[in-house]
Amino acid sequence: MAPLPPHLYYIGDLDIMTQSPPLTGLRVLEFAGLAPGPFAGLLLADYGATVLRIDRAHPSAHASSTSPPPPTPDQLTRRKSSIAVNTKTPKGVALIKRLISQTDILIDPFRPGVLEKMGLSPSEVLLKLNPRLIVARMTGFRRDGKYADMAGHDINYIAVSGVLSMLGRAGEKPYAPANIVGDFGGGGLVCFVGILLALLQRERTGLGQVVEANMVDGSGFLASMPRFAMDRKGTWDRERGTNLLDGGAPFYDTYETKDGGFMAVGALEPQFFEALLKGLQIKADDIGGDRMDRRTWERQREIYTKRFRQKTRAEWEAVFDGTDACCTPVLTQQELRRERGFDQRPIVTLRNSPGHAIHEGEAEGRQPAEGQGIGVEGDGWSEKGLRPGEGGEDVLGQWMGWSKGNQYDVQDGGLVAVERGGRAKL
């Protein structure tokens, strides 16, 4: 087969040619931060954008050294490069300003006012340097209101959004589901959507803008369904843990198996519930009445709990696989990776312009859902991390045509702008 142009690939047995990922050619500067900002940057990189991370200066960054700096703790660095910059120095800030002219998207993960203190105000500085720039600002709390200047983490943001109060078992304290709802769902993913909207608008107007995302509003929107359901009797109108979809209903819950595993049950519709009872070998009369009658819920839960403990998880899988009982095993991340060969894929499938593949493999012959290209080391299950300064100087050369000693140099482990017209005295 003759080589294809760089923007075309053969994808799987569909025997079609597909375009490169949709964000190919976009240039992103990402200030190092905690999960939401880097997650938005990761999604941009997975769909073709070139993401250059700005890390703090490090004594051995950008140096010809046998002991380079260790990777940062951030694991959301897939396909990214890094430059180390001391943003507290005028020459460090000057370097960033010069990059802005060739940047499409800047990700700001800081608290309100931090970018302004650097001398990089979006409206007063950045958008004047590049009117096409999209400045994506990611905060935890809203930028206005009583919490705007306070520190916080995922648990705090979903707490003041009202979402945390809805999560947890009956009679127990609210339960925070790790940092999935705030940092990733209501934070980074929402910020990514905002960036895409701004890119769409830029196609129409030629102008960039400021995108402001926060985890309070983001997580609040993720809870739209239960919020709306609070006004519908029998769905989500009771205390947490006693409603239809929050662990209250016995036919929408998890159950332990004989070997300590768990099965997840979601038999909401009558026909699915009928299939569940058939698989469990339980008669409808045994549950003591209408399954939707809350007075039967305690008895139902006791029956299902006892029954599931009579077989191993694998045995229950054999019973319910291929049925409409809405009963599946609760798989762990470890067994998905090691035993079942579950492949990591881009977050959404684009049939004609898939994102980059995550799982390692051959570049040709992949299905669109798997992505395109050879994937990354570690199959998406592990990330080696990114060292401050790693790969960043190559990106500066590609974006700007810069080289060390001409347009930039290194000072105290960080890149600085060289004075125009000659080498700066460092």
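Given the structure is predicted, the values throughout are model-derived calculations rather than measurements. Numbering of residues starts from 1 in each chain and follows the order in which that chain's sequence is written. A pLDDT threshold of at least 70 governs which residues receive local features in this predicted model, and a stricter bar of 80 or more applies before side-chain atom pairs are shown or counted, although totals over entire chains, interfaces and linings include all residues. Processing note: side-chain calculations cover all non-hydrogen atoms of the structure and skip hydrogens and water entirely.

Trainee: Kindly report on the pairing of strand β5 (residues 80-84), identifying the contributing residues and their values.
Mentor: Judged by how many residues are buried, β5 sits mostly within the fold: five of five residues are covered. Of the two faces of β5, both are covered, the one formed by Lys80, Ser82 and Ala84 as well as the one formed by Ser81 and Ile83. Only strands that DSSP links by at least two bridges are regarded as paired with each other. Secondary structure elements are defined from DSSP: runs of H or I of at least 4 residues count as helices, runs of E of at least 2 residues count as strands, and each element is numbered from the N terminus. Where strand β4 (residues 50-55) meets β5, five bridges bridge the pair, whose relative direction is parallel. When the sheet's bridge partners are listed, aspartate 55 is paired in β5 with alanine 84. Think of it in three bands: with a 1.4 Å probe and only protein chains considered, a residue is buried below 20% of the maximum accessible area for its type, exposed above 50%, and partly exposed in between.

Trainee: Lay out the packing of aromatic side chains with the relevant residues and their values.
Mentor: Two aromatic rings are characterised by how far apart their centres lie and by the angle between their planes. Two rings from Phe, Tyr or Trp (for Trp, the six-membered ring) form a pair when their centres are within 6.5 Å of each other. A pair whose planes differ by under 30 degrees is stacked, one over 60 is edge-to-face, and the rest are tilted. Using the criterion set out here, one finds eleven aromatic pairs in the structure. For the ring pair phenylalanine 251 and phenylalanine 273, a centre distance of 5.9 Å and an interplane angle of 75 degrees mean the geometry is edge-to-face. Residue phenylalanine 251 is located in the loop between α8 (224-229) and β9 (252-256), and its partner phenylalanine 273 is located in helix α9 (residues 270-280); the two are separated by 22 residues in the primary sequence. Judged on exposure class, the residue phenylalanine 251 and its partner phenylalanine 273 are both buried. Seen from their ring centres, tryptophan 316 and phenylalanine 320 are 5.9 Å apart, and the 25 degrees between their planes marks the pair as stacked. Of the two residues, tryptophan 316 and phenylalanine 320 both sit in helix α11 (residues 313-320), four residues apart, roughly one turn of that helix. Comparing tryptophan 316 with phenylalanine 320, the two get one shared label, buried. Feature note: the residues Tyr255, Tyr304, Phe308, Trp316 and Phe320 constitute an aromatic cluster, connected by ring pairs.

Trainee: Give a description of the packing of helix α6 (residues 180-205) against helix α7 (residues 215-222) that names residues and reports values.
Mentor: A fitted line through C-alpha atoms represents every axis, and for helices the fit uses only the stretch in contact; the resulting angles, taken between N-to-C directions, go from 0 to 180 degrees. Following both chains from N to C, one finds α6 and α7 inclined at 100 degrees, their axes separated by 8 Å at the closest point. The pairing of α6 with α7 is recorded here as roughly perpendicular in orientation. Facing Val181, Gly182, Asp183, Gly185, Gly186, Gly187 and Val190 of α6, the residues of α7 in contact are Met215, Gly218, Ser219 and Leu222. For classification purposes, angles smaller than 35 degrees are called roughly parallel, those larger than 145 roughly antiparallel, those between 65 and 115 roughly perpendicular, and all remaining angles oblique. We call two residues contacting when some pair of their heavy atoms lies within 4.5 Å.

Trainee: Account for the pattern of salt bridges, naming residues and giving values.
Mentor: Here, a salt bridge means any side-chain nitrogen of Lys or Arg that lies within 4 Å of a carboxyl oxygen of Asp or Glu. According to the stated counting rule, one finds 21 salt bridges in the structure shown. Linking aspartate 217 and arginine 142 is a salt bridge whose minimum nitrogen-to-oxygen distance equals 2.8 Å. Here arginine 142 lies in the loop between β7 (134-139) and α5 (154-160) and aspartate 217 lies in helix α7, a separation of 75 residues in the sequence. Classification of arginine 142 by relative accessible area gives partly exposed; the value is 44%. We note a salt bridge from lysine 404 to glutamate 393, for which the minimum N-O separation is 3.6 Å. In this pair, lysine 404 is assigned in the loop between α13 (392-400) and β12 (408-411) and glutamate 393 in helix α13, connecting sequence segments eleven residues apart. Residue class for lysine 404 comes out partly exposed when judged on its relative accessible area of 37%. Look at the salt bridges and you will find they share partners, linking Glu30, Arg53, Asp55, Asp74 and Lys80 into a network.

Trainee: Which residues make up the domain arrangement of the chain, and what are the values?
Mentor: What marks off one domain from the next here is an automatic or database domain assignment. According to the domain assignment, the chain consists of domain 1 (27-224 + 372-417) and domain 2 (252-340). Distance between the C-alpha centres of domain 1 and domain 2: 42 Å.

Trainee: Before we move on, could you go through the sheet that holds β4 and cite the residues and values that matter?
Mentor: Pairing between sheet strands relies on hydrogen bonds along the backbone, with the strands arranged either parallel or antiparallel. A sheet is described by the order of its strands in space; here six strands give the open sequence β5-β4-β3-β6-β7-β8, paired in parallel fashion. Because the sheet does not close on itself, it has two edges, and the strands there are β5 and β8 (209-214). Strand-to-strand, the axes of this sheet are offset by a mean angle of 20 degrees, without reference to chain direction.

Trainee: Residues and numbers for the side chain of glutamine 372, please.
Mentor: On the secondary structure map, glutamine 372 appears in the loop between α12 (333-338) and α13. Judged by relative accessible area, which is 3%, glutamine 372 ranks as buried.

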